[in-house]
Amino acid sequence: LDLLGESRTLFARYLWFVAENYHEMFERQGAIEFKQKDVIPLYRMIAHLDPKMDEAFDILATDMFFGYAEVEKALSVVEEGLAYNPKSYQLTYRKAFILDREKRHAESIAPALQALAIARHDFDAMDCCRILIRSYEHDKKWAEALRYLDLWISLNPSDITPSNAKKDLLKAQELDGKP
């Protein structure tokens, strides 16, 4: 790979274009979105050629998680990507997301907080808030859950979902009897 030098990035971008074309072709043929095994090696090659291309790691992890239920492999791919891209919102969020979906709430908090700190826009921040709310609610840390519910409300005041969730959370907190 070192022999390719700077052309590695160019070749990685070309393979990205090829992989996306395959992905679209498979979708048109009715293939299940996250079970397109023919495309996975292309994304792996892209990640090797240009490890700064965090999208390749994200797609690999997403396919491993959703398509093949390979949780630990997905997390390993995310960690590999984060080694090259430590400030990648997408990979940091993907780690929090996978841990949240696996109900590993205590583990999901740190990456969700990191992703929130580097969120690119309000939608990213709201995604992080949802993970944090679920995680803190699961651990009955009501004040923390309410803090991120309030942040979600402030980011999108016209959305009634967080307001309704806040009512439910306050009711759960009252039933639990803890602040």
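Data block above holds the structure.
Cut-offs and rules
- Residues numbered from 1 in each chain as written.
- Predicted model: local features only at pLDDT ≥ 70, side-chain atom pairs only at ≥ 80, totals over all residues.
- Heavy atoms only, no water.
- Helix = DSSP H or I, 4+ residues; strand = E, 2+ residues; numbered from the N terminus.
- Expected span 1.5 Å × (residues − 1).
- Buried < 20%, exposed > 50% of the residue type's maximum accessible area, 1.4 Å probe, protein only.
- Arc of directions from axis to C-beta.
- Salt bridge = Lys/Arg side-chain N within 4 Å of Asp/Glu carboxyl O.
- Patch = residues over 30% accessible without salt bridge, like charges linked within 9 Å, V, L, I, M, F, W, Y side chains within 5 Å.
- Areas by Shrake-Rupley, 256 points an atom, 1.4 Å probe, with all protein chains shown as cover.
- Contact = heavy atoms within 4.5 Å.
- Disulfide = S-S within 2.5 Å.

A. Region of interest: helix H8 (residues 142-155). Taking 1.5 Å per residue as the helical rise, H8 with its 14 residues ought to reach 20 Å, and the 20 Å between its terminal C-alpha atoms agrees with that figure. Those residues of H8 lying buried are Trp142, Ala145, Leu146, Tyr148, Leu149 and Trp152. End-on, the buried residues of H8 take up no more than an arc of 165°, which puts them together on one face.

B. The arrangement of the pattern of salt bridges in detail. Going through the model one piece at a time under the given rule, you end up with 11 salt bridges. Ionic pairing is found between Glu72 and Arg104, a salt bridge with its closest N-O pair at 2.8 Å. Remark: Arg104 occurs in the loop between helix H5 (89-101) and helix H6 (105-117) and Glu72 occurs in helix H4 (residues 71-84); sequence separation between them is 32 residues. Using a relative accessible area of 24% as the deciding quantity, one classes Arg104 as partly exposed. A salt bridge links Glu79 to Lys95; its shortest N-O distance comes to 2.5 Å.

C. Here's a closer look at a nonpolar patch on the surface. The grouping of Phe11, Tyr14 and Met45 at the surface amounts to a nonpolar patch, some 300 Å² of accessible area in total. Within the secondary structure, Tyr14 is located in helix H1 (residues 7-28).

D. Quick look at the environment of Ile131. Tracing the backbone shows Ile131 in helix H7 (residues 122-138). Looking at Ile131, the relative accessible area reads 1%, which means it is buried. Counting along the chain gives 23 residues from Ile131 to Ser108, while the straight-line C-alpha distance between them is 7.5 Å.

E. Quick peek at helix H3 (residues 54-68). Compared with the 21 Å implied by 1.5 Å per residue over 15 residues, the 20 Å span of H3 between its first and last C-alpha is a close match. Judged by how many residues are buried, H3 sits mostly within the fold: 11 of 15 residues are covered. Along H3, the positions that sit buried rather than exposed are Asp54, Ala56, Phe57, Asp58, Leu60, Ala61, Thr62, Asp63, Met64, Phe65 and Gly67. Next to the buried residues of H3 lie H1, helix H2 (40-49), H4 and H5.

F. Fine view of the state of the cysteines. According to the stated counting rule, one finds 0 disulfides in the structure shown. No disulfide involves Cys128; its nearest neighbouring cysteine sulfur is the one of Cys129, lying 7.1 Å away. The class of Cys128 is buried, set by a relative accessible area of 0%. Cys129 gets classed as buried once you look at its relative accessible area, which sits at 0%.

G. Representation of unusual backbone geometry in the model. One non-glycine residue, Ala69, lies in positive phi territory at about 55°. Ala69 gets classed as exposed once you look at its relative accessible area, which sits at 60%. With a phi angle near 60°, Lys103 is a residue other than glycine that sits in the positive phi range. With respect to the element layout, Lys103 can be found in the loop between H5 and H6. Overall, the relative accessible area of 65% leaves Lys103 in the exposed class.

Any functional reading would require information beyond the geometric quantities listed.
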